[in-house]
There are 4 protein chains.
Amino acid sequence: MACGEHRVRFRVRYSETDQMGTFYNSRVLEWFECGRTEWLRGAGMPYTEMETRGVCLPVIEAHVRYLGRARYDDELEMRVSAGMSGKASVRFDVRISQAHSGQGVAEGYTVHAVTGIDGKPVRPPMWLVPIFSGSSEQ
Amino acid sequence: MACGEHRVRFRVRYSETDQMGTFYNSRVLEWFECGRTEWLRGAGMPYTEMETRGVCLPVIEAHVRYLGRARYDDELEMRVSAGMSGKASVRFDVRISQAHSGQGVAEGYTVHAVTGIDGKPVRPPMWLVPIFSGSSEQ
Amino acid sequence: MACGEHRVRFRVRYSETDQMGTFYNSRVLEWFECGRTEWLRGAGMPYTEMETRGVCLPVIEAHVRYLGRARYDDELEMRVSAGMSGKASVRFDVRISQAHSGQGVAEGYTVHAVTGIDGKPVRPPMWLVPIFSGSSEQ
Amino acid sequence: MACGEHRVRFRVRYSETDQMGTFYNSRVLEWFECGRTEWLRGAGMPYTEMETRGVCLPVIEAHVRYLGRARYDDELEMRVSAGMSGKASVRFDVRISQAHSGQGVAEGYTVHAVTGIDGKPVRPPMWLVPIFSGSSEQ
């Protein structure tokens, strides 16, 4: 049930622009989260199901490089992949480009702890590891 | 312990602008929430304390009229007042102006149900009513 | 080229939730904007094209009634219609429901001035009126 | 006119929380921006003045490590310092802690290009370099 790269298309919302006329920098982390949501759904384990099982993946580290402009209503494509990062955390890598020209917009990664609903670290459960280790083989 | 109008000063964040060069329309509802937070603190009942007592005030209606522009880093002043709205809900009225010129930026109100932590309506507790009914006398 | 009701499906983002576990109230105004974007595209006049022609539709009034909860990843459906509001402004009406159960989430409207790029009111151009007056006939 | 570390106090807004009950991860980048705004004001060169002079500092890289929880209405303290990063870019370092306990909340940095209003890189002007090179001596 593991899966490799997942692609998501979306448009820049007006609310995501700033007075420079391009997207505001923090929006990229919100887009990354949409990418994680769709990657997990594609891997057969929607994040809502994961939370139902008592497991959360809070972000403990984030990194973004801004590559180019994107304006209101531009259609963007996000390519998301994921894997284990050590034994106790997982990592998502994301690259966002203009859907039509392929021009880079932003790229980066997030690292996530594996915790219970209370936010305290837990050992990654048996069902979780294959979801993320499978992806690195593809 | 009731109190009337409360004033809050704040600056427009860069993240709150949009490509028109002024604040994005939904930010006003976030500012209104900051106004409610400070009004309740001024009334001696911080919202965190209210939640600790098991009472929430979710928004059930919001109205905004946009009066004028405000740019990044403009200092704004928010005037907030509150009162009961019928027997089972409360209402906050807010007006936001440029702090220096007094020029109007936005005005409006929010109406709030009185609920438990589970989001279900409850009869407003004895300690809550004076906070909001007092304010209308001032 | 006029069109009536337009439907848009979307999912609640994690970034749009708050500590109550449902969407934060101001997000509805961001969703309304996505609805306007798709309505205008459906009417054959994307908002980017409108801005290229030198016309903007800044929000001058917004009203929202909150009808029910929506959680992270819930799929919602937005029904958007639009029309002239007097001779110099336009209005969008929106209703958001749970896509599967049809249960109401929020409803409301926004009223928009017709302005130039500088934000100053202009007489609605000839090509604009039919877009919005047609919709009221349907 | 250069200055070293600058401190900013602020409270977590309700709109900045998510369903985990702590702040949503992207908000840290918005707080960083508030920190930059106050650092530049403290250095005698508000960002609005910089833009008036035709210079912008768009973010080209951002990194955040999440250190601990912060809840709605928690008072946080942000410590901001800045310096040149090579000859053509500037860097801000930020650490956010609980104002009362000193417990860490997040830390990271942003790197900024020096551009004209059109977003194209320019050589850092004579008046800009001392603002950022002075800070490293303190």
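Residues numbered from 1 in each chain as written. Chains lettered and ligands numbered in written order. Predicted model: local features only at pLDDT ≥ 70, side-chain atom pairs only at ≥ 80, totals over all residues.

A closer look at the overall build of chain A
Next, step 1: Within chain A one finds three helices and five strands.
Next, step 2: What you see in chain A, going N to C, is helices and strands ordered as β-α-α-β-β-β-β-α.
Next, step 3: On C-alpha atoms alone, chain A measures out to a radius of gyration of 15 Å, which is about the 14 Å that the 2.2 N^0.38 rule sets for 138 residues.
Next, step 4: Dimensions of chain A, computed from C-alpha atoms along their principal axes, come out at roughly 45 × 30 × 25 Å.
Next, step 5: Residues classed as buried in chain A amount to 36% of the 138 residues present.
Next, step 6: Put simply, 70% of the contacts in chain A that link residues at least 6 apart link residues at least 24 apart. (Helix = DSSP H or I, 4+ residues; strand = E, 2+ residues; numbered from the N terminus. Rg over C-alpha atoms; globule rule 2.2 N^0.38 Å. Buried ≥ 20, exposed ≤ 12 C-beta atoms within 10 Å, placed from the backbone. Contact = placed C-beta atoms within 7 Å.)

Quick word on the interface of chain A and chain D
Next, step 1: Facing the 17 residues of chain A at the interface are 17 residues of chain D.
Next, step 2: The set of elements that each furnish at least two residues to the side of chain A that touches chain D consists of α1 (27–42) and β2 (59–66) of chain A.
Next, step 3: Looking at the side of chain A that touches chain D, the element that brings in the most residues is β2 of chain A, giving eight residues.
Next, step 4: When the residues that make up the side of chain A that touches chain D are grouped by side-chain class, the tally is nine nonpolar, four polar and four charged.
Next, step 5: Pairing analysis gives five bridges linking β2 of chain A to strand β2 (residues 59–66) of chain D, with the strands arranged antiparallel. Looking across to β2 of chain D, one finds that Glu61 of chain A is bridged to Arg65 of chain D. (Nonpolar A, V, L, I, M, F, W, Y, C, P; charged D, E, K, R; others polar. Pairing = 2+ DSSP bridges.)

Topic: the sheet that holds strand β2 (residues 59–66) of chain C
Next, step 1: Spatially, the 10 strands line up as an open sheet ordered β1(B)-β3(B)-β4(B)-β5(B)-β2(B)-β2(C)-β5(C)-β4(C)-β3(C)-β1(C), and their pairing is antiparallel. Sheet topology places β1 (6–11) of chain B together with β1 (6–11) of chain C at the edges, where each strand pairs with a single neighbour. Looking at each pair of strands side by side, their axes are set apart by 20° on average, direction ignored.
Next, step 2: Against the sheet, helix α1 (residues 27–42) of chain B contacts β1, β2 (59–66), β3 (75–85), β4 (89–98) and β5 (104–113) of chain B, and its axis sits at roughly 135° relative to β1 of chain B.
Next, step 3: Each of β1, β2, β3 (75–85), β4 (89–98) and β5 (104–113) of chain C touches helix α1 (residues 27–42) of chain C; the most contacted strand, β1 of chain C, lies at about 135° to it. (Axes fitted to C-alpha atoms, helices over the stretch in contact; angles between N-to-C directions.)

Points about the relation of the copies chain B and chain A
Both copies of the chain are related through a single rotation about an axis accompanied by a shift along the same axis.
Next, step 1: With an axial shift of 0.0 Å and an RMSD of 0.0 Å, the rotation relating chain B to chain A amounts to 180°. Each copy turns onto its partner about a two-fold axis.
Next, step 2: Counting the interface residues of chain B, we find that 100% of their copies in chain A are interface residues as well, pointing to one common contact surface. (Least-squares fit on C-alpha atoms with pLDDT ≥ 70 in both.)

A closer look at the interface of chain B and chain A
Quite often, the size of an interface is put as the accessible area lost when its parts meet.
Next, step 1: Taken together, the contact pairs nine residues of chain B with nine residues of chain A.
Next, step 2: In terms of residue class, the side of chain B that touches chain A is made up of three nonpolar, five polar and one charged.

Regarding the confidence of the model for chain A
Next, step 1: On average, residues of chain A score 93 in pLDDT, and 95% of them reach the 70 mark or higher.
Next, step 2: If you check the scores for this complex, the pTM reads 0.95 and the ipTM reads 0.94. (pLDDT = per-residue confidence, 0-100.)

Regarding the pairing of strand β3 (residues 75–85) of chain D
Sheet faces and side chains relate simply in a regular strand, where the side chains alternate between the two faces.
Residue and element names in this part refer to chain D.
Next, step 1: Pairing between strand β1 (residues 6–11) and β3: six bridges, direction antiparallel. By the bridge assignment, Phe10 is partnered in β3 with Leu76.
Next, step 2: Between the end of β3 and the start of strand β4 (residues 89–98), which pair antiparallel, lie three residues, with Gly86 showing a positive phi angle near 75°.

Digging into α1 of chain B
Next, step 1: Burial runs high along α1 of chain B: 13 of the 16 residues are buried.
Next, step 2: Gly44 of chain B, located one to two residues past α1 of chain B, shows a positive phi value of around 85°.

Examining unusual backbone geometry
Next, step 1: Even without glycine at this site, Asp73 of chain C takes up a positive phi of about 75°.
Next, step 2: Note on placement: Asp73 of chain C falls in the loop between β2 and β3.

A closer look at the relation of the copies chain A and chain D
Next, step 1: For the pair chain A and chain D, the best superposition has an RMSD of 0.0 Å and corresponds to a rotation of 180° with a translation of 0.0 Å parallel to the axis.
Next, step 2: Both copies share a contact surface, since 100% of the interface residues of chain A are interface residues in chain D too.

Re the sheet that holds β4 of chain D
Next, step 1: The sheet built from 10 strands is open, its strands ordered β1(A)-β3(A)-β4(A)-β5(A)-β2(A)-β2(D)-β5(D)-β4(D)-β3(D)-β1(D) with antiparallel pairing. Each edge of the sheet is formed by a strand with only one pairing partner; in this case those strands are β1 (6–11) of chain A together with β1 of chain D. In this sheet, adjacent strand axes meet at a mean angle of 20° when their direction is disregarded.

Comments concerning the environment of Thr17 of chain A
Next, step 1: The topology assignment puts Thr17 of chain A in the loop between β1 and α1.
Next, step 2: Placed 26 residues apart in sequence, Thr17 of chain A and Ala43 of chain A show a C-alpha to C-alpha distance of 31 Å.
Next, step 3: Excluding residues that lie within four positions of it along the chain, Thr17 of chain A makes contacts with Val12, Thr22, Phe23, Tyr24 and Tyr72 of chain A together with Asp18 and Gln19 of chain B.

What about the environment of Ser133 of chain D?
All names here are of chain D.
Next, step 1: Note on placement: Ser133 falls in helix α3 (residues 129–133).
Next, step 2: Classification of Ser133 as partly exposed rests on a count of 14 C-beta atoms within 10 Å.
Next, step 3: Sequence separation between Ser133 and Ser85 is 48 residues; the distance between their C-alpha atoms is 9.5 Å.
Next, step 4: The residues contacting Ser133, other than those within four sequence positions of it, are Gly83 and Met84.

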